[in-house]
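Listed here are the chains, written in short residue letters.
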Amino acid sequence: MNILSFSKQFTTEESCREYLRTQREASGIICKKCACTKHYWLADRELWKCSKCNSTTNLRAGTIMHKSKVPVLTWFMCIHLMTTMKKSISALEMQKQLGMKRYEPVWYMMQKIRIAMGKRDNKYKLSGEIEVDDSFFEIVDITENKDEDQKRGRGSNKQQKVLVMVESTPNPKQTNPHKKNRIMGFVKMVTMDDLTAIGINYEIKKSISTDSHVITDGYKGYASLPIDHTSMVVPQKEAHKKLPWVHTVISNAKRLFLGTHHSVNKKYLQNYLNEFTYKLNRRTFQTDLFDRMITCGINDTWN
C-alpha cells in the first residue's frame, strides 16, 4: 500500500476505527471473564458486550494500542510508514511526519511496533542450511558509570553481543565469481548476555528446526551445538566467501543503525533488530505489510 492508497482508504479517525473493528471481529473477540466468543457491538460506546456475562471489551483493549491516547489514525500512519519504507526511520523524523508536538509518544509507539514485529517472527523457526555467527554492535548504556575506565575490544561495555542466524541454500546455477553462490532465506538476530555454549545452544534450540544443518566458524562456543553442525576455520579475509550471507546481514544492519539512529540504547537494541529482520524476512512478499502488522497488533496480547 503506497501513501496515496493509504490516504484514500483512511481519510478520517472514524474510518480507521471502523477498520480496526472489522479486523478485530474477523480475528474473534474473546471475553476475558468467561472466554465466551459471542459478542454484540455497541456502536454508541465503541464496545463489545459479551452475550453470556455482559462484560464489555473496549475497541483498543488487548491490542498494540491498549490504553493509548494517541488517535488510531496516527497509529495507522506510523505503522504504514514503518512497514512500507525499505529502510528504517528515526523517531524524530516520524514525529515530524505525524505532526505531533511531543517526541515521547512517537518513540513509544515505534518501540511497541518493533516489539510486535519480534513477537511475530518468534513464532517461526529457521530450517535447511543455516549460517550462524556472532557480532558486536555499538550501543549506548545509560546505566554505566562514566568515571570507570572504558574497556575496549571484545569485552567492551560499549558493545552488545548479537547472535545472527541466516538460512543459506547453495545455488549451483551461480557461475559469476563476483556474486554469492548461496541464496539467502529468513533471518534471526538475538541479543546475548554472553556467548558461552549454554547461551548459544539455548537460542539455537529455540530458533532453528532440529532437522537443519548449521554452518559456523571455529569459535569454541559452537563446539557442542545440539544440531547437525559443520565448523570451519574462517580467516577474516575469507569470511565473505565461507559465510557470505550472515556477514552481509551483519554489515547491513550496522550501517542502517549508524546512518539512521546514530546510536542505540543497549536496552532497546533487540527492538531495532526486530524491525530490521522483520522487513528483511518479508522483502519478497507481495501482500500488504500494513495489513499484516495490524493483524500482529491485534492477535498478540498487550494488556
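Residues numbered from 1 in each chain as written. Predicted model: local features only at pLDDT ≥ 70, side-chain atom pairs only at ≥ 80, totals over all residues. Heavy atoms only, no water.

**Student:** How do you make sense of the packing of helix α2 (residues 13-27) against helix α10 (residues 289-299) when you look at a structure like this?
**Tutor:** Geometry of a packed helix pair, given as the angle between the helix axes and the separation of the axes. With their axes 10 Å apart at the nearest point, α2 and α10 run at an angle of 65 degrees to one another. Viewed along their axes, α2 and α10 form a crossing whose handedness is right-handed. Contacts between α2 and α10 involve Tyr19, Leu20, Gln23, Arg24 and Ser27 from the former and Phe290, Asp291, Ile294, Ile298 and Asn299 from the latter. Class assignment of the residues belonging to the contact of α2 with α10 gives a composition of 5 nonpolar, 3 polar and 2 charged. (Axes fitted to C-alpha atoms, helices over the stretch in contact; angles between N-to-C directions. Helix = DSSP H or I, 4+ residues; strand = E, 2+ residues; numbered from the N terminus. Left-handed = near helix turned anticlockwise from the far one by under 90°. Contact = heavy atoms within 4.5 Å. Nonpolar A, V, L, I, M, F, W, Y, C, P; charged D, E, K, R; others polar.)

**Student:** Any chance you could explain unusual backbone geometry here in plain terms?
**Tutor:** Backbone geometry follows two general trends: most residues other than glycine have a negative phi, and most peptide bonds adopt the trans configuration. Backbone geometry places Glu46, a non-glycine residue, at a positive phi of 55 degrees. Tracing the backbone shows Glu46 in the loop between β1 (39-42) and β2 (47-50). Using a relative accessible area of 26% as the deciding quantity, one classes Glu46 as partly exposed. A positive phi is found at His262, a non-glycine position, where the angle reads about 65 degrees. With respect to the helices and strands, the residue His262 is situated in the loop between α8 (244-260) and α9 (269-281). (Buried < 20%, exposed > 50% of the residue type's maximum accessible area, 1.4 Å probe, protein only.)

**Student:** Explain the sheet that holds β1 here, please?
**Tutor:** Adjacent strands of a sheet pair through backbone hydrogen bonds, lying either parallel or antiparallel. Pairing is antiparallel in the open sheet, where 3 strands are placed in the order β1-β2-β3. Where the open sheet ends on each side, the last strands, each with one partner, are β1 and β3 (56-58). Between one strand axis and the next, the sheet turns through 30 degrees on average, direction left out of account. The pairing of β2 with β3 spans 3 bridges and is classified as antiparallel. Bridging from a neighbouring strand, Lys49 pairs with Thr56 of β3. Contacts between α2 and the sheet are confined to β1, β2 and β3, with β2 contributing the most and set at about 30 degrees to the helix. (Pairing = 2+ DSSP bridges.)

**Student:** Help me out: how do you make sense of the sheet that holds strand β8 (residues 228-231) in this one?
**Tutor:** With mixed pairing, the 5 strands of this open sheet are ordered in space as β6-β5-β4-β7-β8. Each having just a single partner strand, β6 (182-192) and β8 make up the two edges of the open sheet. Within the sheet, the average angular offset between the axes of one strand and its neighbour, ignoring direction, is 25 degrees. Pairing geometry for strand β4 (residues 129-138) and strand β5 (residues 159-170), over 9 bridges, is antiparallel.

**Student:** Would you mind going over the environment of Ser251 with me for this structure?
**Tutor:** Counting through the fold element by element, Ser251 comes out in helix α8. Its relative accessible area of 28% is what places Ser251 among the partly exposed residues. Between the C-alpha atom of Ser251 and that of Ser135, which follows or precedes it by 116 residues, the distance is 9.6 Å.

**Student:** Any chance you could explain the packing of α2 against helix α3 (residues 72-84) here in plain terms?
**Tutor:** Interaxial distance between α2 and α3 falls to 8 Å at its minimum, and their mutual angle equals 75 degrees. In terms of their interaxial angle, α2 and α3 are classed as roughly perpendicular. Across the interface between the two elements, Glu13, Cys16, Arg17, Tyr19 and Leu20 from α2 touch Val72, Leu73 and Phe76 from α3. In the contact of α2 with α3, the residues fall into 6 nonpolar, no polar and 2 charged. (Parallel < 35°, antiparallel > 145°, perpendicular 65-115°, else oblique.)

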